[in-house]
Amino acid sequence: SKWRRTTSIPENTGHIYFNALAASKHMYIFGGNYMDPETKRPVAVPDVWRASINADGSLGQWAKCSPLPKPRKFGSVVFVDGQLYYLGGQYHRQVYHTTIKDDGSLAPWRETRNLISNRFGFRTFHFNRHLYAVGGSILHNRRSDIVFRGKFADDGSVPKWRRSEPLPTPLG
């Protein structure tokens, strides 16, 4: 099968250092950087965009969703039981979550318990009602062997984070 061009990402949406995730028949793009034309410097954005995923795999038109509460880049996203989570980001430790509505739009973001420390460039996954944040960097691109684990509450929040066994080698 060949690669095929589909609907392009809208201009100035944070084309670098963003996160992307497919969930509930939609593709989502979270945060990232765009290059400010006046200052010629990268600027983090809070934007969230979504496009429907068509039956043939192509994408529909992009539409803005509820933005992240703050501009973010280098965070991590995960989809769990109808909830989207955005964790960390360069020099940040906040964790936000939202619900995907039936039409693919997002409810307003809510903040849940922060990660134990700043984290960016890490990966997240979930298993057995637990959310894991693995590796990444803390400051100045120093890779980390730290694993954080938080158990989901019934409302989708993560009320407490704990350190788990460290990775055998730092990842980031």
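Everything here concerns the structure above.
Criteria and cut-off values
Residues numbered from 1 in each chain as written. Predicted model: local features only at pLDDT ≥ 70, side-chain atom pairs only at ≥ 80, totals over all residues. Heavy atoms only, no water. Helix = DSSP H or I, 4+ residues; strand = E, 2+ residues; numbered from the N terminus. Polar contact = N/O pair within 3.5 Å; in protein donor to acceptor, adjacent residues only side chain to side chain. Pairing = 2+ DSSP bridges. Axes fitted to C-alpha atoms, helices over the stretch in contact; angles between N-to-C directions. Salt bridge = Lys/Arg side-chain N within 4 Å of Asp/Glu carboxyl O. Buried < 20%, exposed > 50% of the residue type's maximum accessible area, 1.4 Å probe, protein only.

Visitor: Before we move on, can you summarise the side chain of Asn33 with the specific residues and values?
Guide: Note that Asn33 resides in strand S3 (residues 33-35). Only 3.3 Å separates the side chain of Asn33 from the backbone nitrogen of Ala44, close enough to count as a polar contact.

Visitor: Residue-level account of the sheet that holds strand S12 (residues 130-134), with values.
Guide: The sheet built from 4 strands is open, its strands ordered S11-S12-S13-S14 with antiparallel pairing. Taken across any chain shown, the strands that pair with only one partner, and hence form the sheet edges, are strand S11 (123-127) and strand S14 (161-163). For this sheet, the mean inter-axis angle between neighbouring strands, taken without regard to orientation, is 25°. Sheet topology note: the S12/strand S13 (residues 147-151) ladder contains 5 bridges and is antiparallel. Pairing of Leu131 across the sheet is with Gly150, part of S13.

Visitor: Any chance you could break down the pattern of salt bridges for me, citing the residues and the numbers?
Guide: Under the counting rule described, the total for this entry stands at 2 salt bridges. Between Asp47 and Lys64 there is a salt bridge, with the nearest N and O atoms lying 3.9 Å from each other. One end of the pair, Asp47, is in the loop between strand S4 (42-44) and strand S5 (48-52); the other, Lys64, is in strand S6 (residues 63-64), and 17 residues separate them in sequence. The exposure class of Lys64 is exposed, given its relative accessible area of 52%.

Visitor: Any details on the pairing of strand S8 (residues 83-87)? Residues and values, ideally.
Guide: When a strand is regular, its side chains alternate between the sheet's two faces. Burial analysis of S8 places 5 of its 5 residues in the buried class, which makes it a mostly covered element. Alternating residues of S8 divide into Gln83, Tyr85 and Leu87 and Leu84 and Tyr86, and every residue in both groups is buried. Where strand S7 (residues 76-80) lies against S8, 5 bridges are found, and the strand directions are antiparallel. Across the sheet, Val77 pairs through a bridge with Tyr86, a residue of S8. Connecting S7 to the next strand, S8, in antiparallel fashion are 2 residues, including Asp81 with a positive phi near 45°. Here 5 bridges tie S8 to strand S9 (residues 95-99), and the two strands are oriented antiparallel to one another. Within S9, the residue paired with Tyr85 across the bridge is His97.

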